[in-house]
Structure formats: C-alpha cells, structure tokens
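Here are the chains, one letter per residue:
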Amino acid sequence: MTRLLTALAVCIVAAPARGTESPLAEKFLHDGRFAEGEAALLVVLDAAPKDDTTRFGLGMIQFARAVENLGRALYEYGCVSEKATQPFLRLPVPKNDAPAVISYRALGRILDAFAADLQRAERTLAGITDDKVKLRLRLANVAFDFAGTGESHTTLIDLLNTLNGGRFGFQTDNPEFRVHFDRGDVAWLRSYCHLLSAMVEGYRSIDEEAGFEERVRDIFPKVAPSAREPDPDWLGGLKVVDPPRLRRARLHLVAVCELNRETWKHIRAETDDDYEWLPHPKQTDQLGLPMTDERIDVWLAMMAQGEELLKGERLVPGFLISFVFREHPVEQGLNVKALLDDPPADLLNEKRLRSKGIDAKYLEPEKGKKLLDLSTLGAIPQLFNGPFGFAYAARLN
C-alpha cells in the first residue's frame with residue numbers, strides 16, 4: 001500500500017502553460033474536477049495528436065481519477081482505513097455514517113475497476129515518445145473528492161501528511177510541493193500502473209470468499225455473510241479460480257522490470273536539476289531521499305533477474321527448492337513462467353507440496369540455463385535498511 005501512496009504523489013497533470021496562466025490540467029485538479037479535466041485534455045489532444053505534454057497530462061489525470069474512484073468506492077462502504085493492513089484498503093477516506101453492505105464480490109468489482117482505470121492511464125502514457133517532455137506541477141493543492149458530493153475535498157498534501165503522521169520536511173522550502181516531471185517519470189508512473197494492476201490480478205486469481213467477513217469486519221462496518229465457512233487451513237484451502245489472471249499478473253510484472261530500466265536510462269542522462277521527482281545522484285530530491293549509483297545499480301540488477309525469471313529465461317535453482325521442501329529434493333530448476341501461465345488449482349497448498357512435491361512439468365534441467373543469483377537479492381536488504389529503507393524501495397517501485 002505504501003507503493004500506492006507514493007504513486008499518489010504523481011497523479012497531477014498539466015497541459016503546456018501559456019504565458020503566466022496556470023497549466024490547464026492543474027486548474028481542474030486543484031478544483032477537484034478530474035472528469036472534466038480528462039474531457040478537456042482529450043479535446044486538446046484530438047486537435048494536436050503529437051503534443052506529448054498534453055498526452056502526459058491526460059495520462060496523469062486518468063491516474064488521478066483511478067485513485068479517486070477507488071477512494072469513492074471505499075467511502076461508499078465505510079472503509080476504516082486506519083485499521084486496514086491489506087493493500088488498497090489503507091487509502092484514507094472520510095467517515096461515512098451510512099455505509100453500504102460490503103461483500104467479497106463487491107470488493108472484487110472495486111479492485112477490477114481500479115485496475116481497468118490504471119490500464120487506461122498506462123495506455124495513454126505509453127504513447128509518449130518525446131524525450132524532452134516536461135510537466136511543471138504544484139502538487140500540494142490537488143483535491144480528491146472521495147465522498148463524491150462536490151462539497152468536501154481532501155488535498156494531496158493533507159492526505160500525505162495523514163499517512164506520514166505529520167508534516168513532511170520539504171514543506172518548509174517547497175510549500176507548494178512543486179515538482180517538474182520529465183521523461184523518466186513517464187516510465188516510472190507506467191511501471192506503477194503495471195505493479196498495482198499485477199497486485200489486483202494476483203489477488204483476484206484466488207478464491208478468498210470463505211472467511212471474508214472475519215478478515216474485514218474491523219475495516220468495514222457492514223459485511224455480508226460469506227457463502228462458505230472459513231477453512232481451518234486457510235492458506236492451504238485457497239484455490240486458483242481464474243488462472244489467466246496469474247498470467248496477466250506475470251506480464252504486468254515483466255513490464256515493471258522493463259520500465260524500471262527505461263526509467264533510469266532517461267534519468268541518468270539528465271543534465272539539469274529542476275525540481276526532480278526521481279533524481280540521479282547529482283540532482284536534488286524534493287522528498288529528501290537522495291539516490292546513489294550503488295543503490296540504483298543494485299536495484300536494476302534485481303529487476304533484470306526478476307525479468308528473466310518471469311520470462312522463463314532464468315530458473316529458481318533446485319537446491320533452493322530442496323531446502324524449502326526437504327521431503328522432495330529436486331535436481332532441476334523451477335520455471336516461474338510455466339508455473340504462473342498454467343498453475344495448479346491448489347498452487348498455495350503447502351501440505352500437497354510437502355507430500356507430493358512440485359509437478360515435474362514446472363521443472364527444467366539447469367544445464368545451459370541461468371539460475372537465480374541469491375547474492376544479488378541479498379544486496380537489496382543491505383542497501384535499503386535503516387529508517388528510510390522501505391521508503392526508498394517504495395519510491396523505486
């Protein structure tokens with residue numbers, strides 16, 4: 001969820017400024033009129049289809065609408081976000097004194113709608129080709145209408161301060177939260193759209209209806225009774241009910257890895273220092289989380305291994321599988337792509353795995369194939385430890 005909240009900070013857009021006027025999209029977003037802003041930028045883009053500044057603005061407004069629509073759905077059901085630990089449910093929304101009754105299926109529809117909104121934004125952002133595109137934005141006063149009444153808005157800075165438990169240090173020197181987004185940030189936000197979509201697809205591939213009422217009763221005031229009683233072996237009882245979703249989740253994660261590489265290619269090529277959102281080591285970071293070349297290199301190495309695992313070009317080594325499931329040692333490597341594209345119904349059933357082992361169709365000879373390098377993964381915790389370690393990792397996505 002921290003990743004979602006970090007991504008919230010970039011859901012503001014701007015069309016090219018004319019003279020001293022405020023950017024077109026910024027006005028709509030400061031007024032909390034996202035739908036009107038999307039319509040206005042679509043008209044501008046229709047007249048000037050090569051205008052990537054407007055295209056960037058349109059994609060960002062669509063991202064903002066995705067977040068607001070999620071917040072409105074959570075508000076409708078009275079979500080108490082401060083009691084939630086589950087992803088997507090920690091978005092702070094106003095208290096609803098007359099909430100509707102939530103059900104497992106209703107929550108599924110909310111998440112599916114969120115993912116669809118994200119993908120609309122990603123498709124727009126993917127059309128940007130201008131390496132010099134830039135959006136000069138003031139983020140503090142972006143207004144979200146989570147209640148959907150048009151009468152009460154939550155500004156982005158108030159939202160972030162609530163999540164942070166206090167004011168951010170940057171507010172002293174940069175009270176407007178001014179950030180000038182550039183080409184690398186386009187790839188960064190596209191990556192976040194794919195990451196959040198992958199999380200939705202993974203969750204929705206599994207049947208978690210049994211015991212739903214028990215798991216969310218502290219978060220939603222009114223919960224419809226589950227159709228089935230909870231399984232005592234909750235994790236082992238989970239079933240893959242929509243296998244294609246796991247394949248879609250895998251493809252989203254492949255895109256995350258590819259876009260991380262694109263992000264840093266553009267950012268490392270920058271020569272300015274202009275209110276950067278995601279900076280290279282010689283630039284100033286607006287959030288006070290400066291990057292180092294070592295941290296970037298280790299992150300990209302992890303992304304490269306993740307990409308190869310997800311594409312079936314690198315295997316999880318047999319010795320690691322044997323260590324986890326000692327009852328059934330194997331001498332072959334696990335193909336993650338094969339597993340996610342054609343998963344067993346009881347993918348998460350630990351008892352079955354310990355009694356029968358991993359199905360042979362997911363295993364391949366290790367000879368001639370690259371294997372997961374644990375030393376690369378081991379460097380991640382070392383570089384991202386300390387009080388801001390998770391913030392750095394969430395920032396990078």
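## Here's the deal with helix α3 (residues 34-47)
Here is step 1 of the chain: The terminal C-alpha atoms of α3, which comprises 14 residues, lie 20 Å apart, in line with the 20 Å expected from a rise of 1.5 Å per residue.
Here is step 2 of the chain: Phe 34, Gly 37, Glu 38, Leu 41 and Leu 45 are the residues of α3 that are buried. Taken around the axis of α3, the buried residues stretch over an arc of 100 degrees, which confines them to a single face. Exposed side chains of α3 directed beyond 90 degrees from the buried face belong to Val 43, Asp 46 and Ala 47.
Here is step 3 of the chain: The secondary structure elements touched by the buried residues of α3 are α2 (24-30), α4 (52-76), α5 (104-125) and β2 (143-144).

## A look at the nonpolar core
Here is step 1 of the chain: Formed by 102 residues in total, the largest nonpolar core has its most connected members in Phe 56, Phe 177, Phe 181 and Phe 220.
Here is step 2 of the chain: At 12 residues, α4 tops the list of elements feeding residues into this core.

## Some thoughts on unusual backbone geometry
Here is step 1 of the chain: At Phe 88, a residue that is not glycine, the phi angle is positive and equals roughly 80 degrees.
Here is step 2 of the chain: By secondary structure assignment, the location of Phe 88 is in the loop between α4 and α5.
Here is step 3 of the chain: Phi angles above zero are rare outside glycine, and Phe 177 is one such case at about 50 degrees.
Here is step 4 of the chain: With respect to the element layout, Phe 177 can be found in the loop between α7 (170-173) and β4 (178-182).

## Focus on the environment of His 266
Here is step 1 of the chain: As for its placement among the helices and strands, His 266 is situated in helix α10 (residues 243-268).
Here is step 2 of the chain: For His 266, a relative accessible area of 13% puts it in the buried group.
Here is step 3 of the chain: Put simply, His 266 and Asp 131 are 135 residues apart on the chain and 7.9 Å apart in space, counted from C-alpha to C-alpha.
Here is step 4 of the chain: When residues no more than four places from it in sequence are discounted, the contact partners of His 266 are Asp 131, Arg 183 and Gly 184.

## What about the pattern of salt bridges?
Here is step 1 of the chain: Per the stated rule, a full pass over the model turns up 36 salt bridges.
Here is step 2 of the chain: Salt-bridge contacts for Arg 65 lead to Glu 38; the nearest nitrogen and oxygen are separated by 2.8 Å. Note that Arg 65 is positioned in helix α4 and Glu 38 in helix α3, a separation of 27 residues in sequence.
Here is step 3 of the chain: Note on Glu 38: relative accessible area 8%, which makes it buried.
Here is step 4 of the chain: Between Lys 95 and Asp 97 there is a salt bridge, with the nearest N and O atoms lying 3.9 Å from each other. Here the two residues Lys 95 and Asp 97 agree in accessibility, since each one is exposed.
Here is step 5 of the chain: Residues joined by salt bridges that share partners form a network here, namely Asp 112, Glu 201, Arg 204, Asp 242, Arg 245 and Arg 248.

## Structural notes on the packing of aromatic side chains
How two aromatic rings sit relative to each other is set out by the distance from centre to centre and by the angle between their planes.
Here is step 1 of the chain: Within this structure, the stated rule accounts for eight aromatic pairs.
Here is step 2 of the chain: For the pair Phe 88 and Phe 114, a centre-to-centre distance of 5.6 Å together with 70 degrees between the ring planes defines the contact as edge-to-face. Taken together, the positions of Phe 88 in the loop between α4 and α5 and Phe 114 in helix α5 put the pair 26 residues apart, joining distant regions of the chain.
Here is step 3 of the chain: On the basis of relative accessibility, which here comes to 2%, the residue Phe 114 falls in the buried class.
Here is step 4 of the chain: Ring geometry for Phe 181 against Trp 277: centres 6.1 Å apart, planes inclined by 50 degrees, an arrangement best described as tilted. One end of the pair, Phe 181, is in strand β4; the other, Trp 277, is in the loop between α10 and α11 (293-310), and 96 residues separate them in sequence. For the pair formed by Phe 181 and Trp 277, the shared burial category is buried.
Here is step 5 of the chain: Feature note: the residues Phe 181, Trp 188, Tyr 192 and Trp 277 constitute an aromatic cluster, connected by ring pairs.

## Some details on the confidence of the model for the protein
Here is step 1 of the chain: Averaged over the protein, the pLDDT score is 88; the fraction of residues at 70 or greater is 90%.
Here is step 2 of the chain: Within the model, the stretch residues 1-21 combines pLDDT values under 50 with 78 contacts to residues more than four positions away or in other chains.

## Concerning a nonpolar patch on the surface
Here is step 1 of the chain: A contiguous nonpolar surface patch, about 270 Å² in accessible area, is contributed by Phe 319, Leu 374 and Leu 377.
Here is step 2 of the chain: Position of Phe 319 relative to the elements: it lies in helix α12 (residues 318-324).

## Focus: the pairing of β4
Here is step 1 of the chain: Among the five residues in β4, four count as buried, and that is most of the element.
Here is step 2 of the chain: Taken together, the five bridges between strand β1 (residues 134-138) and β4 define a ladder with antiparallel strand orientation. Its bridge partner lying in β4, Lys 134 is registered against Asp 182.

## A closer look at the environment of Glu 308
Here is step 1 of the chain: Within the secondary structure layout, Glu 308 lies in helix α11.
Here is step 2 of the chain: Sequence spacing of Glu 308 and Val 336 is 28 residues, and the spatial spacing of their C-alpha atoms is 9.6 Å.
Here is step 3 of the chain: Once residues within four sequence positions are removed from consideration, Glu 308 is found in contact with Glu 313, Arg 314 and Lys 370.
Here is step 4 of the chain: One polar contact links Glu 308 to Arg 314, side chain to side chain, over a distance of 2.7 Å.

Cut-offs applied
- Residues numbered from 1 in each chain as written.
- Predicted model: local features only at pLDDT ≥ 70, side-chain atom pairs only at ≥ 80, totals over all residues.
- Heavy atoms only, no water.
- Helix = DSSP H or I, 4+ residues; strand = E, 2+ residues; numbered from the N terminus.
- Expected span 1.5 Å × (residues − 1).
- Buried < 20%, exposed > 50% of the residue type's maximum accessible area, 1.4 Å probe, protein only.
- Arc of directions from axis to C-beta.
- Contact = heavy atoms within 4.5 Å.
- Core = buried A, V, L, I, M, F, W, Y, C linked by side-chain atoms within 4.5 Å.
- Salt bridge = Lys/Arg side-chain N within 4 Å of Asp/Glu carboxyl O.
- Phe/Tyr/Trp six-rings, centres within 6.5 Å; stacked < 30°, edge-to-face > 60°.
- pLDDT = per-residue confidence, 0-100.
- Patch = residues over 30% accessible without salt bridge, like charges linked within 9 Å, V, L, I, M, F, W, Y side chains within 5 Å.
- Areas by Shrake-Rupley, 256 points an atom, 1.4 Å probe, with all protein chains shown as cover.
- Pairing = 2+ DSSP bridges.
- Polar contact = N/O pair within 3.5 Å; in protein donor to acceptor, adjacent residues only side chain to side chain.

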